[in-house]
Amino acid sequence: MRQSSTRLGRANLDRLPAGIWRPAYDRSRVTSGIVHLGLGAFHRAHQAVVIDDCLAAGSTSWGIVGASLRSPDTRDALASQDHLYTVAIRSAEGTEHRVIGALLDSVVARENPAQLVGQMADPATRIVSLTVTEKGYCHTPQTGDLDERHPDIVHDLNDPDTPRSAPGFLVAALARRRAQGLSPFTVLCCDNLAANGHTVQRIVTQFAAVRSKDLGKWIADVVAFPSTMVDRIVPETTDDDRDAVSSALGMRDAWPVMTEPFTQWVVEDRFTAGRPDFASAGVELVSDVKPFELMKLRLLNASHSALAYLGYLSGYETIADTMQDAHFARLAAQVMEEAAVTLTMPVGTDLAAYRTSLLKRFANPALHHRTWQIAMDGSQKLPQRLLGAMQDRLRKDLPIATHALAVAGWMRYVTATDEQGRAIDVRDPLAAEFAALAREAGPVAERLAPALLAVAKVFGPFGAEPRLREAVTTALGRLYKDGARRAVEAHVTA
Ligand code: CS2
């Protein structure tokens, strides 16, 4: 495909073909009110699109300055296109392209931590939002506590003014604002953690309290950490995606983001320093997000992880491929069935419709969402996606066989060797520990399952529950004996 040498940018917006959506506001009049930590594809396809709508509706003091914690790649791609980029919304019906203007500038924290702290401490910054992934909070997912031995936390406690970690940046900037007599910003976590606002408040307060009891107390007393439920499927952008979008635009976009039509953001309405007119952009403002968060984690993310591990092991590259196999579609539905009874939803929530819509979204043939991508960081994801529902079910004496098969799929996956004996590139902060346990146990369910269940950072005391051990060992035994594909088939047709 011949690519145009013109680059997407402010000066070229008028030259975009008709049919490409573009900022419906005068971008030169927008000022920044939000600093966002974690400038990845998810933020750019989710919150930034909402902010783009808010800007168009008149909330013009809420532009975004985005920060990547480590990698310069996003900044390098976007800086030379005035931070404009395309969101490609894909479904079986086709692709819609929308150029987003909400991102005004970007910084790379590792290159200049003081600059980022300064930006966060600037009085104009009234919200600091985050998508740093589960592991970016440097906590133990099982307990929700700050991991004080995490190397970045050790670094940041020694050198608080030039931090590396998300909690380190939040505390450095909040401390600066307090010292200057400024009011704090609202901390808006947009990651898939259970009770995400609450959890981040606890981590940040614990970090601050190590620095000074007073600072910890001030943060606990005056900083707002609303919880949120964020939902939009955003696969990693590939080079083919870049080429396809650039060709639709007739100019080069170095880093567009790919997503689905569906998007949802439920936010607890507790902002101490103001907020954009979220309602104008379809955000659901509620007083308690918890039921929605649990619904999403236990229905969407749990079945996503089940499909990712078992699908990968069965040789499926993407979630859509996996869903083409009717047994796996059934598996996803069964995970949801098991989880649904653990949820208590506000009156009027149609859980059955939600489940049906999830199956349809997973099957979207236009999204190339790799099972390998979702399989990442299982140690950080399992507790809130799968283990909580299992605990709730066991409390009611209900069976947990489908969830156990998903957990066994994860166990089989983290051995780092697939069913054909090829290496699996396991990405997880605890990958080395899991691989060592797998080597020691050998391919024997009765040895590997208990060894992994004893990893307290993931399973905590729940790992010692005999019914959990039995169900997971049985499922892992089937995976070893029959392979994932046949084990899933046997499970759903039983
Ligand atoms: C996925 C999520 O990668 C993963 O673990 O399950 O990123 C999922 O696509 C989003 O939470 C959907 O909102």
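Quick caveat, the model's predicted, so the values are computed rather than measured. Every chain is numbered independently, its residues counted from 1 as its sequence is written. The predicted nature of this model means local features are confined to residues of pLDDT at least 70 and side-chain atom pairs, given and counted, to a pLDDT of 80 or more, with totals for whole chains, interfaces and linings taken over all residues.

### Considering the site of the ligand
Part 1: Near, as applied to residues and a molecule or strand, means the residue's backbone-placed C-beta atom lies within 6 Å of it. In the vicinity of the ligand, the contacting residues are Asn192, Asp231, Arg232, Ile233, Leu300, Asn301, His304, Gln373, Ile374 and Lys381.
Part 2: Residue assignment for the shell around the ligand shows that the elements contributing at least two residues are helix 10 (290-313) and helix 14 (371-375).
Part 3: For helices the rule is a DSSP run of H or I covering at least 4 residues; for strands it is a run of E covering at least 2, with both sets numbered from the N terminus onward. Among the elements that line the shell around the ligand, the one with the most residues is helix 10, at 3 residues.
Part 4: Each residue gets one label: Ala, Val, Leu, Ile, Met, Phe, Trp, Tyr, Cys and Pro are nonpolar, Asp, Glu, Lys and Arg are charged, and the others, such as Gly, are polar. Across the shell around the ligand, the residue classes break down as 3 nonpolar, 4 polar and 3 charged.
Part 5: Formed jointly, the shell around the ligand draws a minimum of three residues from each of two domains, domain 1 (10-286) and domain 2 (290-493). Boundary definitions for the domains trace back to an automatic or database domain assignment.

### Quick look at the domain arrangement of the chain
As a measure of interface size, the accessible area lost when the parts come together is often cited.
Part 1: Its domain assignment divides the chain into domain 1 (10-286) and domain 2 (290-493).
Part 2: The distance between the C-alpha centroids of domain 1 and domain 2 comes to 29 Å.
Part 3: The contact criterion used is a C-beta to C-beta distance within 7 Å, with each C-beta placed from the backbone. Contacts between domain 1 and domain 2 engage 26 residues on the former and 28 residues on the latter.
Part 4: Of all the elements in the fold, those that place two or more residues in the side of domain 1 that touches domain 2 are strand 3 (85-91) and strand 10 (228-231).
Part 5: Along the lines of polarity and charge, the residues of the side of domain 1 that touches domain 2 split into 11 nonpolar, 9 polar and 6 charged.

### Notes on the sheet that holds strand 9 (residues 186-189)
Part 1: Read across the open sheet, the 5 strands follow the order 5-2-1-6-9; overall the sheet is parallel. Two strands close off the open sheet at either side, each with one partner strand: strand 5 (103-108) and strand 9. On average, each strand axis in the sheet is tilted by 25 degrees relative to the strand beside it, whichever way the strands run.
Part 2: Paired strands, as defined in this entry, are two strands with at least two bridges between them according to DSSP. In this sheet, strand 9 lies alongside strand 6 (residues 127-130) in parallel orientation, the contact comprising 4 bridges. Opposite Ile127, over in strand 9, you have Thr186 as the bridge partner.
Part 3: In this analysis an axis means a line fitted to C-alpha atoms, helices contributing only their contacting stretch, and an angle means the value between N-to-C directions, from 0 to 180 degrees. On top of the sheet, helix 4 (residues 113-121) reaches strand 1 (32-37), strand 2 (63-68), strand 5 and strand 6; it is set at about 140 degrees to strand 5, its chief contact.

### Here we look at helix 20 (residues 466-482)
Since the α-helix packs 3.6 residues into each turn, any two residues three or four apart lie on the same face.
Part 1: Its 17 residues give helix 20 an end-to-end C-alpha distance of 24 Å, which sits within 8% of 24 Å, the value for a rise of 1.5 Å per residue.
Part 2: Three classes are used. A residue is buried when 20 or more other C-beta atoms lie within 10 Å of its own, exposed when 12 or fewer do, and partly exposed in between, with C-beta atoms placed from the backbone. Taken as a whole, helix 20 has its buried residues at Leu468, Ala471, Val472, Thr473, Ala475, Leu476 and Leu479.
Part 3: In this structure, the buried side of helix 20 is in contact with helix 15 (378-395), helix 16 (401-414), helix 18 (445-453) and helix 21 (484-493).
Part 4: Backbone geometry just after helix 20 places Gly483 at a positive phi near 85 degrees. The length a helix should cover is 1.5 Å for every residue beyond the first.

### Concerning the UniProt feature "domain: Mannitol dehydrogenase N-terminal" (unreviewed entry) in the chain
Part 1: UniProt positions are given in the numbering used here, feature names are shortened, and annotations may be inferred rather than shown by experiment. Per the UniProt record, the feature "domain: Mannitol dehydrogenase N-terminal" (unreviewed entry) sits at residues 33-278.
Part 2: Helix and strand shares over residues 33-278 are 37% and 22% respectively, and the end C-alpha atoms of the span are 14 Å apart.

### A look at the environment of Arg485
Part 1: You can see Arg485 is positioned in helix 21.
Part 2: For Arg485 and Arg412, which are 73 residues apart along the polypeptide, the C-alpha to C-alpha distance reads 13 Å.

### Quick look at the UniProt feature "domain: Mannitol dehydrogenase C-terminal" (unreviewed entry) in the chain
Part 1: Residues given the UniProt feature "domain: Mannitol dehydrogenase C-terminal" (unreviewed entry) here are residues 288-479.
Part 2: In residues 288-479, helix accounts for 69% and strand for 0%; the two terminal C-alpha atoms are 40 Å from one another.

### Details of the pairing of strand 4 (residues 94-100)
Part 1: With 7 bridges joining them, strand 3 and strand 4 adopt antiparallel strand pairing. Within strand 4, the position partnered with Arg90 by the bridge is Thr95.
Part 2: What sits between strand 3 and strand 4 in their antiparallel hairpin is a turn of 2 residues.

### Some points on helix 7 (residues 196-211)
Part 1: For helix 7, which comprises 16 residues, the first-to-last C-alpha distance of 23 Å matches the rise-based estimate of 22 Å (1.5 Å per residue) to within 8%.
Part 2: Among the residues of helix 7, Asn196, Gly197, Thr199, Val200, Gln201, Ile203, Val204, Thr205, Gln206, Phe207 and Ala208 are the ones counted as buried.

### Details of the environment of Glu236
Part 1: Locating Glu236 in the fold gives a position in the loop between strand 10 and helix 9 (239-249).
Part 2: Residues Glu236 and Leu367, spaced 131 residues apart in sequence, show a C-alpha to C-alpha distance of 9.9 Å.
Part 3: When sequence neighbours within four positions are dropped, the list of residues in contact with Glu236 reads Ala41 and Gln373.

### Some thoughts on the pairing of strand 1
Part 1: Of all 6 residues making up strand 1, 6 are buried, and the element is well covered by its neighbours.
Part 2: Here strand 1 pairs with strand 2 via 5 bridges, running parallel. Along strand 2, the bridge assignment pairs Leu37 with Ala67.
Part 3: Examined bridge by bridge, strand 1 and strand 6 share 4 bridges and lie parallel to one another. Within strand 6, the residue paired with His36 across the bridge is Ser129.

### What to know about the packing of helix 12 (residues 326-340) against helix 16
Part 1: Contact pair helix 12 / helix 16: the axes reach a minimum separation of 8 Å and the direction vectors enclose 120 degrees. In this view, helix 12 runs oblique relative to helix 16, as classed from their interaxial angle. Between helix 12 and helix 16 lies a crossing whose hand is left-handed. Here Gln334, Val335 and Glu338 of helix 12 lie close against helix 16, whose contacting residues are Thr402, His403 and Ala406. Any angle that is under 35 degrees is reported as roughly parallel, and any over 145 degrees as roughly antiparallel; angles of 65 to 115 degrees are reported as roughly perpendicular and all others as oblique. Helix crossings are classified by the rotation of the near helix relative to the far one: an anticlockwise turn of less than a right angle makes the crossing left-handed, while a clockwise turn makes it right-handed.

### Re the sheet that holds strand 10
Picture the strands of a sheet paired through backbone hydrogen bonds; they go either parallel or antiparallel.
Part 1: Taken together, the 3 strands give an open sheet; going across it, the order is 10-12-13, and neighbouring strands pair in mixed fashion. On the outer flanks of this sheet lie strand 10 and strand 13 (284-286), each paired with one strand and no other. Averaged over all pairs of adjacent strands, the angle between strand axes in this sheet comes to 15 degrees, irrespective of strand direction.
Part 2: As paired strands, strand 12 (residues 264-268) and strand 13 are joined by 3 bridges and run parallel to one another. From the neighbouring strand, Val266 faces strand 13, where its bridge partner is Glu284.
Part 3: With respect to the sheet, helix 10 is in contact with strand 10 and strand 12, its orientation differing from that of strand 10 by roughly 35 degrees.

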